[in-house]
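Listed below, chain by chain, are the residues.
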Amino acid sequence: MISTVIFLILLRLNVLASALVHSHWRREPGPFSSRADPSLLRGTAVDVEGGVLHTYDITDATRESEAHRFRADLDDAGLTKCHGILHASGCRRVSDLGRLTTSQITSMGTDPDDTAIINAMADQSKTVPAVGNNAGTNSENSSVKLSTMVDDGVYIPEKCFNFEVVCAKNEIYKGRLFTVDQCNQLKRMSEYHAYKVNSEWIGMACKSIPGFISTTDDHFHHLFRELYCLFPGTMRRGSIQFESDNEPHLVRYIGEAKGAPLHIDTTQKSITINVLLSDNGDFGGGGTYLKAIDKTIKLEQGEVLIHPGNLEHAGADITFGVRQLLVAFLECEWEDSVLPAAPLL
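**Some remarks on the packing of helix 7 (residues 180–197) against helix 8 (residues 212–230)**
Reasoning step 1: Helix 8 packs onto helix 7 with a crossing angle of 155° between their chain directions and a minimal axis gap of 11 Å. With respect to helix 8, the element helix 7 is oriented roughly antiparallel. The handedness of the crossing between helix 7 and helix 8 is left-handed. Residues Q182, L186 and M189 of helix 7 form the contact with helix 8, whose own contacting residues are F212, T215, T216 and H219.
Reasoning step 2: Considered class by class, the residues forming the contact of helix 7 with helix 8 number three nonpolar, four polar and no charged.

Below, the structure is given as structure tokens:
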């Protein structure tokens, strides 16, 4: 058994040898930085080829190429179903595996054979020296927790949602529901569950993910209280609840994916919330188009968009990468049985 695993590892590493060199891009800051500034994604990258360092501007085209190459490299290594969990752990290219410690890889919870291959690829990646701002960062990255389990200390609700008005007439608002660290932990929890059940998932009820509801309950309870303030005199206090037992749910777009067409969520009295769990640098395109204001709203990681469920909206297409959203449809009662204001065109 052991000899078979070793043979498979060596075979796959041989296939990936050239891919590792050509995919050794360095992003500033590194993919494990929990508070990376999206504006820095258009920084510099380094390609090691023939012993010569070449610098490039990181553009959407570069990130798209990296995203496609990473998936292809994992496919070649027999790690297709590991893409989600590795991506949620901060890996965007094969060389990023070299920034993982054995403990971090183990904490991802992959099967023994997959773990052995990932460890071998990580060791192989370490032979390519880090350069520039990424040199010497492995010790810092080793302190980053990549557990796919519940971490109670991370889930203290934000005291202030920092809501801002997108359009008062149409009752559209946005604010912050989760921190960046909380988003990353939720992604790892969901991708670990998907790894065990269905790695090619598109939609998933949060209740199916062990620990997800218990870790986010307080956030939603705080959010519900804030919603009464956003809709003063119209929303009946104490009436908000999830529309069904399958709420909230997750939606994931991978690669070149069509967004949701123009639609309304319901004709009933309801509120729709969308939370972006992914970093904006992890995908191209995306956003929520709202017909009433003829505008596409793009959120930052952890931000929430709130609008009436009877407002026509659509999801913009994804051009590459991974975009993960938490979505919830909320039922509530309105004073005098009045629906939220009709969209003003």
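**A few points about unusual backbone geometry**
Reasoning step 1: In the segment running from E247 into P248, the intervening peptide bond is cis, with an omega of -5°.
Reasoning step 2: Secondary-structure assignment places P248 in the loop between strand 6 (241–242) and strand 7 (249–254).
Reasoning step 3: Positioned with a positive phi, E171 is a non-glycine residue whose angle comes to about 55°.
Reasoning step 4: Counting through the fold element by element, E171 comes out in the loop between strand 3 (164–167) and strand 4 (172–176).
Reasoning step 5: Despite not being glycine, D294 shows a phi value in the positive range, around 50°.

**Comments concerning the sheet that holds strand 10 (residues 288–290)**
Reasoning step 1: Taken in spatial order, the three strands of this open sheet run 11-10-13, and their pairing is antiparallel. Strands with a single pairing partner mark the edges of an open sheet, and in this sheet they are strand 11 (295–297) and strand 13 (313–315). Here the average twist between neighbouring strands, direction ignored, is 30°.
Reasoning step 2: Looking at chain direction, strand 10 and strand 13 are connected through three bridges and run antiparallel. Paired with T288 across the bridge in strand 13 is G315.

**A look at helix 5 (residues 112–125)**
Reasoning step 1: With 14 residues, helix 5 ought to run about 20 Å at 1.5 Å a step, and its terminal C-alpha atoms sit 20 Å apart, in line with that.
Reasoning step 2: Looking at helix 5, one finds that the buried residues are D114, T115, I117, I118, N119, A120, M121, A122 and S125.

**Description of the environment of F329**
Reasoning step 1: Its location among the elements puts F329 in strand 14 (residues 318–331).
Reasoning step 2: It is 8.8 Å that separates the C-alpha atoms of F329 and Q241, two residues lying 88 residues apart in sequence.
Reasoning step 3: The residues touching F329, leaving out its near neighbours within four places in the chain, are Q241, F242, E243, E247, H249, D265, I271 and T272.

Scoring rules and cut-offs
- Residues numbered from 1 in each chain as written.
- Predicted model: local features only at pLDDT ≥ 70, side-chain atom pairs only at ≥ 80, totals over all residues.
- Heavy atoms only, no water.
- Axes fitted to C-alpha atoms, helices over the stretch in contact; angles between N-to-C directions.
- Helix = DSSP H or I, 4+ residues; strand = E, 2+ residues; numbered from the N terminus.
- Parallel < 35°, antiparallel > 145°, perpendicular 65-115°, else oblique.
- Left-handed = near helix turned anticlockwise from the far one by under 90°.
- Contact = heavy atoms within 4.5 Å.
- Nonpolar A, V, L, I, M, F, W, Y, C, P; charged D, E, K, R; others polar.
- Pairing = 2+ DSSP bridges.
- Expected span 1.5 Å × (residues − 1).
- Buried < 20%, exposed > 50% of the residue type's maximum accessible area, 1.4 Å probe, protein only.

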